[in-house]
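# Working through the structure, step by step
Spelled out from the first residue to the last, the chains are:
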Protein chains: 2
Amino acid sequence: MSDNQTAPRTYQVIFMPSGRRGQIEAGTTVLEASRQLGVQIESICGGRMTCQKCRVCVEEGNFPKHGIISDSRNLSATSNEEASFLQKLKSPDMRLSCQATIEGDILLFVPEESRGQKQVIRKSATNRAIDVRPAIRKVYVEVDKAELGEHRGDWGRLQEALADQWELSNLTIDLRVLQKLQAALRDGGWAVTITLWQEREVIDVEPGFEDGIYGLAVDIGSTTVASYLCDLRTGEVLATESMMNPQVTYGEDLMSRVSYAMMHPQTGLEKMHKAIIDALNRLAASAAREANIQPRQIHDAVFVGNTTMAHILLGIDPVELGGAPFALATRDAVDVKARELGLRLHPGAYVHVLPAEAGHVGADNVGALIAEEPYRQNETILLVDVGTNAEIVLGNKAWMYSASSPTGPAFEGAQITFGMRAAPGAIERVRIDPETKNGRFRVIGEERWSDEWQIGLDVPLEEQPKHLAAGICGSGIIEVVAEMFLAGILLPDGRFDDTLVHDRIQWNGRRGEYILATAEQTTTGEPIIVTQDDVRNIQLAKAALYAGAKLLMNRAGIDAVDKIVLAGAFGSYIDTKYAMILGLIPDCDLEKVVAVGNAAGDGARIALLNREKRQEAVDISRWVTYVETAVDPDFQNEFVGAIHLPHASDAFPHLEGILPEQTAVAAANRPDRQRRRRVRG
Amino acid sequence: MSDNQTAPRTYQVIFMPSGRRGQIEAGTTVLEASRQLGVQIESICGGRMTCQKCRVCVEEGNFPKHGIISDSRNLSATSNEEASFLQKLKSPDMRLSCQATIEGDILLFVPEESRGQKQVIRKSATNRAIDVRPAIRKVYVEVDKAELGEHRGDWGRLQEALADQWELSNLTIDLRVLQKLQAALRDGGWAVTITLWQEREVIDVEPGFEDGIYGLAVDIGSTTVASYLCDLRTGEVLATESMMNPQVTYGEDLMSRVSYAMMHPQTGLEKMHKAIIDALNRLAASAAREANIQPRQIHDAVFVGNTTMAHILLGIDPVELGGAPFALATRDAVDVKARELGLRLHPGAYVHVLPAEAGHVGADNVGALIAEEPYRQNETILLVDVGTNAEIVLGNKAWMYSASSPTGPAFEGAQITFGMRAAPGAIERVRIDPETKNGRFRVIGEERWSDEWQIGLDVPLEEQPKHLAAGICGSGIIEVVAEMFLAGILLPDGRFDDTLVHDRIQWNGRRGEYILATAEQTTTGEPIIVTQDDVRNIQLAKAALYAGAKLLMNRAGIDAVDKIVLAGAFGSYIDTKYAMILGLIPDCDLEKVVAVGNAAGDGARIALLNREKRQEAVDISRWVTYVETAVDPDFQNEFVGAIHLPHASDAFPHLEGILPEQTAVAAANRPDRQRRRRVRG
């Protein structure tokens, strides 16, 4: 300053654990000092000692490394009110940063619970930290009382208070909030907590001080709907609930649901829309119950799902997705009031649906992308999400391609004679002795392998298996086909070796069948068999998946990928070794093949916790180059070449030592293959 | 017709008692014929024989005066169903006008109970040109076809087309539009017409080219709801429909409705909200029918109303308006989707509610302001809108004051012994001979003055008055009190002159009563009288009105106004001379006192037709200085001083020659006023 006024006295202030430091004017509150130094301390009430969030500890002593001698007396004296407050909070040695002012050098520690920038670690193969910066926040505000001769109206006065106390302007207010604003202001003694959406719309008002703030992330799969109820202050998941998508009534797979909408032009969409909305309401209610809150305390929600699920969720007829050119109604992210969809969350709550990439690569894939962030990696990653369609992304921080491969539902157990969903009783693991050709298996819900089962009237109930075999789920069908191949039952072209004679192998004309579970091992008393058609369907599905991946690799001009990420429930259950034996995925170091679980759901949760991720999702969804498999001759070539088991052993160097010596391949070409050999039974 | 087809056969049809006649095509129903001839027959069920409202009598015989021979066989034969219906209604000789069709010349009588009781709102006196620049417009656009390998989505492609062809960007789309976008694009061969709201949101999409665009302007009065369906391309009013505000069930005046909401905290608001929404839906439907469109073709709506009406419309509890400090929920203009309010217009339509000025000066006053534009005038204008409260604005282009005066509902005929709304049979004009003290009057729906009426069994029906007197409406009560004063029946202080002895004056103790209509002149067969209490109520109301105007004049520091504008139905019906004689309004050249009809409704229509007027409304509502009458001692002084008739003759120089020589005033002070004088009967 050029005049002679004394510059205000400043002191050295250091915040731990961030170590941020700087000179702060005397008399500044610790809260304000933290803002000046870029340290985020939580504060909701704006310094009115109601929110309890901004406590800090004073570190006393000489800290030569930091060049500071810190003394708690270098903060302003504790008022009686603050002291009694801290006493009540059982933290008498702490200070409220909104009350204490800087009066000397000080070193302060901001405990975890007071930090504004919360992070959660995403539990998956990749433990990535997520900054908690949701699209909604609560703000406590004190509003001028209504007085005679003053005509701003309650909303006008609230707007002014928000501008003065929180520097918020150009806000709008939901009509439902306006309807209850007057009562809330009076009930709260002219102090209210508002919920703000995207810093621009007031979506709730509650009397007095309220700090709980919650959101719901949902992955709408064709088969399963998974939801995560999150505390939007801490990022913590309070409840995880999932249920079957009730739309399965209208078709097991996507195409049959699109067909249902086509066949019932008036009612089909409406029924499926209502089914998913009802399901979501039940999920939200049970998640809320588990977290001990009310569904109407949920103020924000993020949804992902494939394009058909997203269309039906939004009440948009999915018929256009049923045929070329597979036109989306919109590729954009959608923000819509939950109540417009019939969702019973808070009446002011918004629903955010992540954007899509293309007609068959939807918000679920975009969710997986923002969860896994291949676009930030140096390594080239192949991300595969297997459902009715397989969504495949290949890329790194320089480029990214995506495609949708028409695998059909075989991997989900559909189109398989004894296929079923992953439920108790489903065969999920299979081993076949290459010598004896005898199989054993494990079912979901029973730990023992089938060859250890004790069955019979003489066996005590508690020693009998908890579940008999009811069918074969996705991972089971992968393993049985792979094991049949490894055991030489299947030839590399997928046919049953008709030279084998074995109790487990039976013939339906010229089509072989393998008895995986005997009659006494099943719930029905009929054996569970794997037919030639089952094998063919798996071959078609895996060829489609492989061809999709290869198509993208060809586009990118690469021969191998650095890492394969398997997303989705299917990816979590299958043994990656068998996936590679069958040739579902291209060759890769098996240790670099990871399953990350429901990455789409994680993406929804991330976009719920961090609003910037919503923009990132939009950016990425446009950046990725979508490759249309349906029209690409390269895809057809790769597909035809990928039908065999595995189509070419030299394509999988990482399987060396896992695949059997080339006997099986040789056998296929043996001139004596007509003769049926008797092997040990 | 220019071709050779035979023109359809027509017949002479006459409706009594209105005497309306015309040629009607054979086969037309009587109900339809009545509509063609401008005769209102009640019908609620739309011809389903359930509402029983539309019965008419056939007058048989030769009516040379009307040039018709009428025969009941000239209507279609009575079906068994109709006959049994009429039997049940005990009117076997009547016909249901929705069933009977015209098959020959016929003279029909519409009995009282079948007549549609419509209220009349007059057209404005100011024919101001309004630029038609509505908030919505239609735009025809050709969109790229969806093609394989292109993933913008239909909405993305529409956005690009709108940017390219119309330079429109940053548009959003209503979910309801997104839901039908794909079908519209394909039905229209990739050409659609979109409806755009405020240049920023797509609120409709229609296949191909569509150009009709319609909006609804509504003035929600406490008593009457008036609507104007406008062609937003031409600005033309296509239909004007009004009906009674069904909230009158919950209270005649505003305060009783606020009380109803207070007394029924759960249900009161909901019921009144639902009542007005239902009414608006019926109005919109009947206006659309009149204009030969569907209600869902209405894409925009503007509403005005006093603050209580606006709150209830928006589902906001009006309780805060029931007591000081009369806090509004919001003073802002409100834009909300019509469907959020339950209005059945186009699903994407918005409703715009004009802003308010203060707790008791609402959007209706703001509507009157933008219609009359006193803020653009050099002359100082007093704008008065009389309802349950009188809203008063005083100003010119330099300054403007507004106030609300608690006149109570006396001017609307409430709190008056024989008060009624302005409907057929209401006494609206009164003259009292100063010599004989005999009164005569005119009722709505009958052109002759009562002294020309021919009544009696010997008088042919068509010569009898179409309506007998049923009560006194607002303008009638003004005139009768003023005429009673001019005739010396009332003293300047409002008391009956008890020195008068006259057949028309009777005494109820010491309280005088004036017989305005004799028993044979009324529908009930009982005389219609004006009591001392009626006079007192009018005195209080007019004093409140006058005091409000004077308060603003005092604030502005002026003694006289240049022009007085009377808005509202009341202002249209009263004779301004009587208003000044009573002292409702301050002194002014009577030629400069104009009635402009429903200025609030005109304002709504203007804001519907011109979106810039919506901003002007917001600006003006904030610019005007609101003066709170309730707390101003100046108001109390003016009020007390304004009780007399007129309170001081020197305050009204423009009444010179109209007021009687000062005998009346002198009489009030005469010592002999106890003696009753006999005057000519």
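Bear in mind that the values here come from a model prediction, so they are computed numbers and not experimental data.

## Here's the deal with the overall build of chain A
Scanning chain A from terminus to terminus reveals 16 helices and 33 strands. Considered along the principal axes of its C-alpha atoms, chain A spans approximately 110 × 65 × 60 Å. When burial is assessed residue by residue, chain A has 50% of its 681 residues classed as buried. Long-range contacts, defined here as pairs at least 24 residues apart, represent 68% of the contacts in chain A between residues at least 6 apart.

## Digging into unusual backbone geometry
For the bond running from A:A324 to A:P325, omega is 5°, close enough to zero to count as cis. Mapped onto the elements of the fold, A:P325 is located in the loop between α7 (307–313) and β18 (334–337). Its identity as a non-glycine residue notwithstanding, B:K437 has a phi of 65°, on the positive side. In this structure, B:K437 sits in the loop between β21 (426–432) and β22 (439–443). The class of B:K437 is buried, set by 20 C-beta atoms lying within 10 Å.

## Points about the packing of helix α3 (residues 153–166) of chain B against helix α4 (residues 175–187) of chain B
All names here are of chain B. Closest axis-to-axis distance for the α3/α4 pair is 9 Å, and the angle between their directions is 75°. Put simply, α3 runs roughly perpendicular to α4. In this structure, α3 contributes D154, W155 and L158 to the contact, and α4 contributes L178, L181, Q182 and L185. When its residues are assigned to classes, the contact of α3 with α4 shows five nonpolar, one polar and one charged.

## Points about the interface of chain B and chain A
Listed as interface residues are 36 residues of chain B and, on the opposing side, 36 residues of chain A. Contributions of two or more residues to the side of chain B that touches chain A are made by α3 and α4 of chain B. Element by element, the count of residues in the side of chain B that touches chain A is highest for α4(B), at five residues. For the side of chain B that touches chain A, the per-class residue count stands at 17 nonpolar, nine polar and ten charged.

## Some remarks on the sheet that holds strand β9 (residues 172–173) of chain B
Residue and element names in this part refer to chain B. Taken in spatial order, the four strands line up as β8-β10-β11-β9 in an open sheet, and their pairing is mixed. Whereas interior strands pair on both sides, the edge strands pair on one side only; in this sheet they are β8 (136–142) and β9. By the bridge criterion, seven bridges tie β8 to strand β10 (residues 191–197) in an arrangement that is antiparallel. Looking across to β10, one finds that K138 is bridged to T195. Against the sheet, α3 engages β8 and β9, with an angle of about 100° to β8. The strands touched by α4 within the sheet are β9, β10 and β11 (201–207), with β11 carrying the most contacts at an inclination of about 35°.

## Notes on the pairing of strand β23 (residues 426–432) of chain A
All names here are of chain A. Within β23, five of the seven residues are buried, which leaves it mostly tucked inside the rest of the structure. Of the strand pairs in this sheet, β23 and strand β24 (residues 439–443) are connected by five bridges, and their pairing is antiparallel. Looking across to β24, one finds that R429 is bridged to R442. As consecutive antiparallel partners, β23 and β24 are separated by six residues, and within that stretch K437 has a phi angle of approximately 65°, a positive value.

## Some words on the sheet that holds strand β15 (residues 298–305) of chain B
Residue and element names in this part refer to chain B. Read across the open sheet, the six strands follow the order β14-β13-β12-β15-β17-β16; overall the sheet is mixed. A single partner strand is all that each edge strand has here, and the edge strands are β14 (237–244) and β16 (334–337). Neighbouring strand axes in the sheet, compared pairwise and without regard to direction, differ in orientation by 20° on average. Pairing geometry for strand β12 (residues 214–220) and β15, over seven bridges, is parallel.

## Some remarks on helix α13 (residues 599–609) of chain A
In terms of burial, α13(A) is largely enclosed, as eleven of its eleven residues are buried. Turning to α13(A), its buried residues number three or more, namely A:A599, A:A600, A:G601, A:D602, A:G603, A:A604, A:R605, A:I606, A:A607, A:L608 and A:L609.

## Concerning the environment of A:R21
Residues and elements named next belong to chain A. As for its placement among the helices and strands, R21 is situated in strand β2 (residues 20–25). Accessibility expressed as a C-beta count within 10 Å gives 17 for R21, which makes it partly exposed. In sequence terms R21 and E206 are 185 residues apart; their C-alpha atoms lie 37 Å from each other. Apart from the residues lying within four places of it in its own chain, the contact partners of R21 are Q12, V13, I14 and L37.

## Remarks on the environment of B:L89
Residues and elements named next belong to chain B. Summarising the element assignment, L89 is placed in the loop between α2 (80–88) and β6 (94–96). Of the residues examined, L89 has 12 C-beta atoms within 10 Å and is grouped as exposed. It is 56 Å that separates the C-alpha atoms of L89 and E628, two residues lying 539 residues apart in sequence.

## Quick word on helix α3 (residues 153–166) of chain A
Residues and elements named next belong to chain A. The terminal C-alpha atoms of α3 lie 19 Å apart, and with 14 residues this matches the ideal 20 Å at 1.5 Å per residue to within 8%. Burial in α3 covers these residues: G153, D154, W155, R157, L158, Q159 and A161. Contact partners of the buried residues in α3: β10 (136–142), β11 (172–173) and α4 (175–187). At the exit of α3 stands E167, carrying a positive phi of roughly 55°.

## With respect to the confidence of the model for chain A
In this model, chain A carries an average pLDDT of 88, and 93% of its residues clear a pLDDT of 70 or more. Note that pLDDT drops below 50 for residues 662–677 of chain A; the model gives that stretch 23 contacts with residues more than four away or on any other chain.

## Digging into the packing of helix α8 (residues 363–372) of chain A against helix α14 (residues 611–623) of chain A
Residues and elements named next belong to chain A. At their nearest, the axes of α8 and α14 sit 10 Å apart, and the two run at 115° to each other. By the angle class used here, α8 and α14 are roughly perpendicular. The interaxial crossing formed by α8 with α14 has right-handed handedness. Counted together, V366, L369 and I370 of α8 and K613, E616, A617, I620 and S621 of α14 form the full contact between these two elements. Looking at the contact of α8 with α14, its residues break down into five nonpolar, one polar and two charged.

## A closer look at the pairing of strand β13 (residues 201–207) of chain A
Residue and element names in this part refer to chain A. The sheet contact formed by β11 and β13 spans two bridges and is parallel. Each bridged residue has a counterpart across the sheet, and for I173 the counterpart in β13 is V202. The pairing of strand β12 (residues 191–197) with β13 spans six bridges and is classified as antiparallel. Directly across from W197, in β13, lies its bridge partner E201.

## Let's talk about the environment of B:C473
Residues and elements named next belong to chain B. Topologically, C473 is positioned in the loop between β23 (471–472) and α9 (474–486). What makes C473 buried here is the crowd of 28 C-beta atoms within 10 Å. Distance in space between the C-alpha atoms of C473 and R421 is 5.3 Å, their sequence separation being 52 residues. When near neighbours in sequence (up to four residues on either side) are disregarded, C473 contacts G413, M420, R421, A422, A426, I427 and E428.

Calculation rules
- Residues numbered from 1 in each chain as written.
- Chains lettered and ligands numbered in written order.
- Predicted model: local features only at pLDDT ≥ 70, side-chain atom pairs only at ≥ 80, totals over all residues.
- Helix = DSSP H or I, 4+ residues; strand = E, 2+ residues; numbered from the N terminus.
- Buried ≥ 20, exposed ≤ 12 C-beta atoms within 10 Å, placed from the backbone.
- Contact = placed C-beta atoms within 7 Å.
- Axes fitted to C-alpha atoms, helices over the stretch in contact; angles between N-to-C directions.
- Parallel < 35°, antiparallel > 145°, perpendicular 65-115°, else oblique.
- Nonpolar A, V, L, I, M, F, W, Y, C, P; charged D, E, K, R; others polar.
- Pairing = 2+ DSSP bridges.
- Expected span 1.5 Å × (residues − 1).
- pLDDT = per-residue confidence, 0-100.
- Left-handed = near helix turned anticlockwise from the far one by under 90°.

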